Amino acid sequence: MGTLHTVNKSPFQNQTLLSCLGHTHEGDAVLMIEDGVYGAVTGTAISEALSKMGSDVSLYVLGADLAARGIDAGRMAEGVISVDYEGFVDLSATHDRVQNWL
Amino acid sequence: MSETIKKFLYVNRKAPYGTIYAQESLEVVLIGAAFDQDVSLAFLDDGVFQLTKGQDTKEIGLKNFSATYRALGDYEVTKLYVEKESLEERGLTLDDLQNIEYEDEDDDYAEKSSIRLISRAEMAEVMADQDVVLSF
Amino acid sequence: MKFGIVVSEGPYQHQASDSAYNFVKAALAKGHEVSRVFFYHDGVNVGTRLSIPPQDDRQIQEQWTALGKEHDLDLVICIAAAQRRGLLDENEAKRQGKDADNIAEGFRISGLGQLIEMGIQADRTITFGD
């Protein structure tokens, strides 16, 4: 079932999240971890690109990394699902491959 | 060395010299070649800078490993996918890259280019066709 | 399912080794197998026993050593990357004429072939890096 992509960079620092989204297929999942979680916040300069480019893929964010950075779950963009590490493991297992965008 | 043949993709998205990733990625590719797997390399985003001509590291004191890309054909690593949009965004064309060739043993050892210029959409297809994706 | 894990950033400098540790713990807790953890680039520095983090901070090397012991994990440090960065086991130290080694318990030093072999054998290969 498609690819699980992980992104660990803030989209305000570099193009990694946008590059990742530009290489996804319908049915893929994108999980934002570490500093990547800043990409999941609503009302930012990149949230429009995220909702447009991310419309065919499932968007996830690692809850532990959100909490560490003091980001309230209520500030997440619509459709982004928060998972814990076990959820990360499940996503890795249920997709055919994992591509880590470093 | 192994019965299983998997499709390995080495994803290169970083420029050389500023950090060690490009150089140590190449070291993995060279060792990995001995395992007779189905190997491809992807160059996108700043990774396309790894393949440019005319790199000269004399004055910075770092090892110039750019010639190693031209030797990949001898290791039967012959699929170097380069993303067209990434080149264009950086003001580059194919002419700015090294000639990287291999001898096609199925075609009377004709010299062929290992560089396969593909679009972003095609790169996404290449990525989705792999068993193992190693990113550097 | 069999997971292979790559850690390619140094401890404390980057969150990668912490994320990898949390992932491996969760995978094991769910009954998955972790066939190998391969430390590459600055990730090799996770395996030095000479680091002295402040007491109120997490002890990254000790965490990996303990998890490795508990689950019989294969914690492999890449030799090429390790030699560049001064990470040695007793044999390597002797062979290279160095007066000390610093590898921590539970880790072993081996070649890059171990990374490729892991990719072949594991159902999923996941990299934590920068």
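See the structure shown above.
Since this is a predicted model, take the numbers as computed values, not measurements.

Trainee: In this structure, what is going on with the overall build of chain B? I would like to understand it.
Mentor: Per the secondary structure count, chain B includes 4 helices and 7 strands. In summary, chain B has a C-alpha radius of gyration of 15 Å against a globular reference of 14 Å for 136 residues, a match within 12%. In terms of overall dimensions, chain B has C-alpha extents of about 45 × 30 × 30 Å along its principal axes. By residue count, 51% of the 136 residues in chain B fall in the buried class. Taking the contacts inside chain B whose residues are at least 6 apart along the sequence as the reference set, 78% of them involve residues at least 24 apart. A total of about 6600 Å² of accessible surface is found on chain B, and carbon and sulfur atoms cover 45% of it. Positive and negative side-chain charges of chain B, numbering 14 and 29 respectively, have mean locations separated by a distance of 5 Å.

Trainee: Would you mind showing me how to read the interface of chain C and chain A here?
Mentor: It is common to report an interface's size as the accessible area lost on association of the parts. Tallying the contact residues gives 21 residues for chain C and 18 residues for chain A. Summing both partners gives a buried area of about 1600 Å² for chain C against chain A, and 58% of it is carried by carbon and sulfur. Sorting the residues of chain C by area buried against chain A places Gln15(C), Lys30(C) and Arg124(C) first, and these three jointly supply 31% of that buried surface. Viewed at the interface, chain A and chain C are joined by 2 salt bridges. Measuring nitrogen to oxygen at the nearest pair gives 3.7 Å for the salt bridge that ties Lys9(A) to Asp130(C). Counting every contact that joins chain C to chain A gives 11 residue pairs in polar contact (both at pLDDT 80 or more). Every element with two or more residues in the side of chain C that touches chain A is listed here: helix H1 (16-29) and strand E5 (124-128) of chain C. Grouping the amino acids of the side of chain C that touches chain A by side-chain chemistry returns 9 nonpolar, 9 polar and 3 charged.

Trainee: Would you mind going over the sheet that holds strand E1 (residues 3-7) of chain A with me for this structure?
Mentor: Through backbone hydrogen bonds, the strands of a sheet pair up, either in parallel or in antiparallel fashion. Residue and element names in this part refer to chain A. An order of E4-E3-E2-E1-E5 is seen for the 5 strands of this open sheet, with the pairing classed as parallel. Sheet topology places strand E4 (81-83) and strand E5 (97-101) at the edges, where each strand pairs with a single neighbour. If you compare each strand with its neighbour and ignore which way they point, the axes differ by 25° on average. Bridge analysis of strand E2 (residues 29-32) against strand E3 (residues 58-62) gives 4 bridges, and the strand direction is parallel. Bridge pairing in E3 places Leu31 opposite Tyr60. Along the sheet, helix H4 (residues 85-94) contacts E1, E2, E3, E4 and E5; its crossing angle with E1, the most-contacted strand, is approximately 140°.

Trainee: Just checking my understanding: could you explain the interface of chain B and chain C for this structure?
Mentor: Each partner contributes residues to the interface: chain B has 21 residues there, and chain C has 19 residues. Interface area for chain B against chain C, summed over the two sides, is near 1600 Å², with a carbon-plus-sulfur share of 61%. By the criterion of area lost to chain C, the three top residues of chain B are Tyr21(B), Glu24(B) and Phe35(B), representing 30% of everything that side buries. Here chain B is connected to chain C by 3 salt bridges. A salt bridge links Glu24(B) to Arg85(C); the nearest nitrogen and oxygen atoms lie 3.0 Å apart. On the surface where chain B and chain C come into contact, there are 10 residue pairs in polar contact (both at pLDDT 80 or more). Sorting the residues of the side of chain B that touches chain C by element identifies strand E1 (7-12), helix H1 (21-32) and strand E7 (132-135) of chain B as the ones contributing at least two each. Looking at the side of chain B that touches chain C, the element that brings in the most residues is H1(B), giving 8 residues. Of the residues that constitute the side of chain B that touches chain C, the class distribution is 10 nonpolar, 7 polar and 4 charged.

Trainee: Explain empty space enclosed by the protein to me, please; I cannot follow it from the model alone.
Mentor: Any space left empty among the atoms is revealed by the rolling of a water-sized probe across them. One pass over the full model with this rule turns up 3 cavities of 30 Å³ or more. Its volume calculated, the largest cavity comes out at about 70 Å³. In this structure, the largest cavity is lined by Leu102(A), Tyr21(B), Leu134(B), Ser135(B), Phe136(B), Val6(C), Ser8(C), Tyr40(C), His41(C), Leu115(C) and Thr127(C). Within the lining of the largest cavity, the residues separate by chemical class into 7 nonpolar, 4 polar and no charged. What the second largest cavity holds in volume is close to 50 Å³. As for the second largest cavity, its lining consists of Asp96(A), Arg97(A), Val98(A), Lys6(B), Asp131(B), Val132(B), Val133(B), Ala122(C), Asp123(C), Arg124(C) and Thr125(C). Elements that contribute at least two residues to the lining of the second largest cavity include exactly E5 of chain A, E7 of chain B together with E5 of chain C. The residue makeup of the lining of the second largest cavity, split by class, is 4 nonpolar, 1 polar and 6 charged.

Cut-offs and rules
Residues numbered from 1 in each chain as written. Chains lettered and ligands numbered in written order. Predicted model: local features only at pLDDT ≥ 70, side-chain atom pairs only at ≥ 80, totals over all residues. Heavy atoms only, no water. Helix = DSSP H or I, 4+ residues; strand = E, 2+ residues; numbered from the N terminus. Rg over C-alpha atoms; globule rule 2.2 N^0.38 Å. Buried < 20%, exposed > 50% of the residue type's maximum accessible area, 1.4 Å probe, protein only. Contact = heavy atoms within 4.5 Å. Areas by Shrake-Rupley, 256 points an atom, 1.4 Å probe, with all protein chains shown as cover. Lys, Arg positive; Asp, Glu negative; His and termini not counted. Charge placed at Lys NZ, Arg CZ, Asp CG, Glu CD. Buried area = accessible area lost by both parts, 1.4 Å probe. Salt bridge = Lys/Arg side-chain N within 4 Å of Asp/Glu carboxyl O. Polar contact = N/O pair within 3.5 Å; in protein donor to acceptor, adjacent residues only side chain to side chain. Nonpolar A, V, L, I, M, F, W, Y, C, P; charged D, E, K, R; others polar. Pairing = 2+ DSSP bridges. Axes fitted to C-alpha atoms, helices over the stretch in contact; angles between N-to-C directions. 1 Å grid on protein atoms, 1.4 Å probe; cavity = no way out; pocket = protein on both sides within 12 Å on 5 of 7 lines; lining within 4 Å. Points joined across faces, edges and corners; volume = space filled by probe spheres on them.

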